[in-house]
Amino acid sequence: MIEATYYQKLAGSKVRCTLCPQECVLSEGKSGICRGKKNVGGKLFASNYEMAVSLALDPIEKKPLYHFFPGANILSTGPNGCNFRCRFCQNWTISQETSPERVIHPKQMAEEASKCKSIGLAYTYAEPLIWYEYVLETSKEIHKLGLKNALVTNGFINEKPLRALLPFIDAMNVDIKSMEGSFYQSICSGSLEPVLRTVQLAYEAGCHVEITNLVVTDLNDSEEHFHKLSDWISKLSPDIPLHLSRYFPNYKMTVAPTPVETLAMARSIALQKLNYVYVGNVSHEAWGDTICPKCGKCIIKRYGYAVDCSHLKDGKCDFCGHPLPILS
Ligand code: SF4
């Protein structure tokens, strides 16, 4: 446990955490919404520092990151807890409950990544931004070893800590759950604007950015939503990959899984504005493939997590020479 970086001391031994827009005000002995910060003796501490829930070598496609070293493996870890309360959470056993943890120091974590033929470290599973102090220190150790850092996140963080972290983050997959603020308030106990700001700042800082949208039956599956989402992303860049992910009932949400027809509609709307749209959590022979936006040929064929990149040559389409925004 170390002292948290972003907080204010208040009267009566209370503190205000300023890491994320929840800005929890905590009396002595209390923890924040995310359960990763605690007021001890009138100071705020990162109680989750060095406490890792999971450690696994995953395909980078599982994050999902499709344009960042496709076919590579990345050591993946994360903390317990989250600063959202999404009723459909697909990882609720660690985001909303407490799973067994183990202590791993930042240097030790980086060494683990270098030992296992990983391209680096992915901070993922629950919400890594609430593990801020640990992510920052570990990402520095990862860079010292010449490896990469990837964040898989809800993007719900204040601007100042985000700007301090971005120089160490090479890739980010940010979940945009909806383009409606009311959705974030009522379903996630969060808000939309900070999430969009995170995507924009990360992209402008040169971080590789991909977006995920979990499409939940009857909640965020309208044509209007997919138009709004793809319009907004395309204004940053039509080359930012969008992953439309199929929802399955989980945690407190019992509505039926997203119909495949809805995903097909969403994909076709998004492709009007974006060059790279993928559909995940569904079995379809072509929806995970990377298609050259110029000649229409398949550049990267994906079979589940197996990847054939043989038509990606020096960052270009092997058929027509069109440059592709894929790091490899
Ligand atoms: S990081 Fe955690 S404790 Fe801090 S404001 Fe956000 S939810 Fe609250």
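**Comments concerning empty space enclosed by the protein**
This model, assessed by the stated rule, comprises 1 cavity of 30 Å³ or more. Computed from the structure, the largest cavity encloses a volume of approximately 100 Å³. What lines the largest cavity is Cys-17, Leu-19, Cys-20, Gln-22, Cys-24, Leu-26, Gly-32, Ile-33, Cys-34, Lys-37, Asn-83 and Ile-130. Partitioning the lining of the largest cavity into residue classes produces 8 nonpolar, 3 polar and 1 charged.

**What to know about the site of the ligand**
Taken together, the residues surrounding the ligand are Cys-17, Leu-19, Cys-20, Gln-22, Glu-23, Cys-24, Gly-32, Ile-33, Cys-34, Lys-37 and Asn-83. More than half of the atoms belonging to the ligand lie within 2 Å of the grid points that define the largest cavity. In terms of residue class, the shell around the ligand is built from 6 nonpolar, 3 polar and 2 charged.

**Considerations on the domain arrangement of the protein**
Under the domain assignment used here, the protein contains domain 1 (2-46) and domain 2 (51-288). Summarising the inter-unit geometry, the C-alpha centres of domain 1 and domain 2 are found 25 Å apart. With 16 residues of domain 1 in contact, the opposing surface of domain 2 contributes 23 residues. Summed over both partners, the interface of domain 1 with domain 2 comes to about 1400 Å²; 53% of that surface belongs to carbon and sulfur atoms. Three residues, Tyr-6, Leu-19 and Arg-35, lead the burial of domain 1 against domain 2; their summed loss comes to 39% of the area buried on that side. For the pair domain 1 and domain 2, the interface holds 1 salt bridge. For Lys-37, the salt bridge identified is with Glu-133, shortest N-O distance 3.2 Å.

What counts as what
Residues numbered from 1 in each chain as written. Predicted model: local features only at pLDDT ≥ 70, side-chain atom pairs only at ≥ 80, totals over all residues. Heavy atoms only, no water. 1 Å grid on protein atoms, 1.4 Å probe; cavity = no way out; pocket = protein on both sides within 12 Å on 5 of 7 lines; lining within 4 Å. Points joined across faces, edges and corners; volume = space filled by probe spheres on them. Nonpolar A, V, L, I, M, F, W, Y, C, P; charged D, E, K, R; others polar. Near = heavy atom within 4 Å. Sits in = over half its atoms within 2 Å of the grid points. Domains from an automatic or database assignment. Contact = heavy atoms within 4.5 Å. Buried area = accessible area lost by both parts, 1.4 Å probe. Salt bridge = Lys/Arg side-chain N within 4 Å of Asp/Glu carboxyl O.

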